[in-house]
Amino acid sequence: MLHYGQAVFEGLKAYKHEGEVDLFRPSENFKRINHSLARLDMPEIDEALLLEGLKQLVDVERDWVPEGEGQSLYIRPFVFATEGILGVRPSYSYKLLILLSPSGSYYGGASLQPTKIYVEDEYVRAVRGGVGHAKVAGNYAASLLAQTNAADQGYDQVLWLDGVEQKYVEEVGSMNIFFVENGKLVTPELNGSILPGITRKTIIELAKKLGYEVEERRVSIDELIEAHNSGALTEVFGTGTAAVISPVGKLKV
Ligand SMILES: Cc1ncc(COP(=O)(O)O)c(C=O)c1O
């Protein structure tokens, strides 16, 4: 049943501080895994049971959680279809596995280096009504060629534009994206084709709490070029579990 792509995953982290291990907002990931499972017509999981299971697993493996700046245990729960049939229909059986891996900085190097991002204008990642809002394997399969092409030209990741007009900014390969424009924090709105990032949600909540004005709306690539030329655009950064908060140093349009 691998043919039909019923595969869903999540990514979250555990951090160690003074010997104590904390999971970062795991309930948000389990809500999202169920959202993704439902979209692929796969059975949902008991979120409380999954959380308890994960806590016990991380406790058993606590010695693998590194401690220190930028260090964490990356946690990858995933679910895929396992039934051995050829017909096109949802599988009757699935496997849920959880991989753990100690991890350092996503882009390598001890400190956060500004990333270089290629604005993709040939391929698209998702369209509304599709599966862009879910964390499903097919989204990543469809993104790899553009990612390879960008890497060949010396870029770290791809910035996806909307799948209809290829005019509006959506998200980066494994991050949501934020701009500081005229002192306001601006990020593309969740329109059905963007992954609702948990780091994105956290940044919006924290920024509002700290008194920043936050706009979730459509952002065109033309607006960004204009804002850059006029000096209104002062910061660009991506947010994601793996990448944490990554400054963007260059956008290749
Ligand atoms: C396509 C995509 N967008 C955004 C994100 C950021 O989401 P989160 O902050 O939940 O990790 C990720 C990473 O999970 C991703 O793969």
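Just above, that's the structure.
Residues numbered from 1 in each chain as written. Predicted model: local features only at pLDDT ≥ 70, side-chain atom pairs only at ≥ 80, totals over all residues. Heavy atoms only, no water.

**Here's the deal with the environment of glutamine 6**
Point 1. Tracing the chain through its elements places glutamine 6 in the segment before strand S1 (7–9).
Point 2. With 149 residues separating them in the primary sequence, glutamine 6 and tyrosine 155 have C-alpha atoms 30 Å apart.
Point 3. Within polar-contact distance, the side chain of glutamine 6 engages the backbone nitrogen of serine 91 at 3.0 Å. (Helix = DSSP H or I, 4+ residues; strand = E, 2+ residues; numbered from the N terminus. Polar contact = N/O pair within 3.5 Å; in protein donor to acceptor, adjacent residues only side chain to side chain.)

**Looking at the pattern of salt bridges**
Point 1. Inspection of every chain in the model, using the stated rule, returns 15 salt bridges.
Point 2. Across the pair arginine 217 and glutamate 215 runs a salt bridge whose closest N-O atoms are separated by 2.7 Å.
Point 3. For arginine 217, a relative accessible area of 24% translates into the label partly exposed.
Point 4. Via salt bridges that share partners, Glu181, Lys184, Glu213, Glu215, Arg217 and Glu223 belong to a single interconnected network. (Salt bridge = Lys/Arg side-chain N within 4 Å of Asp/Glu carboxyl O. Buried < 20%, exposed > 50% of the residue type's maximum accessible area, 1.4 Å probe, protein only.)

**Comments concerning the site of the ligand**
Point 1. Close contacts around the ligand come from 16 residues, with Tyr140, Glu171, Ile198, Thr199 and Thr241 the closest.
Point 2. Contact between the ligand and arginine 32: an oxygen atom at 2.8 Å from a side-chain N or O atom of the residue.
Point 3. In the environment of the ligand, an oxygen atom lies 2.5 Å from a nitrogen or oxygen atom belonging to the side chain of tyrosine 140.
Point 4. A total of 380 Å² of accessible area belongs to the ligand in isolation, and the protein chains cover 96% of it.
Point 5. Where the shell around the ligand is concerned, the elements lending two or more residues are helix H5 (198–209) and strand S12 (233–240).
Point 6. Of the residues belonging to the shell around the ligand, the class tally is 4 nonpolar, 8 polar and 4 charged. (Near = heavy atom within 4 Å. Areas by Shrake-Rupley, 256 points an atom, 1.4 Å probe, with all protein chains shown as cover. Nonpolar A, V, L, I, M, F, W, Y, C, P; charged D, E, K, R; others polar.)

**Section: the sheet that holds strand S13 (residues 244–252)**
Point 1. Read across the open sheet, the 8 strands follow the order S8-S7-S6-S13-S12-S9-S10-S11; overall the sheet is mixed. Either end of the sheet is taken by a strand with one partner, and the two such strands are strand S8 (169–172) and strand S11 (214–217). Looking at each pair of strands side by side, their axes are set apart by 35° on average, direction ignored.
Point 2. Strand direction decides the pairing type here: S12 and S13, joined by 4 bridges, are antiparallel. In the strand pairing of S13, phenylalanine 237 is matched with proline 247.
Point 3. Lying over the sheet, helix H4 (residues 144–152) contacts strand S6 (115–119) and strand S7 (157–161), oriented at roughly 130° with respect to S7. (Pairing = 2+ DSSP bridges. Axes fitted to C-alpha atoms, helices over the stretch in contact; angles between N-to-C directions. Contact = heavy atoms within 4.5 Å.)

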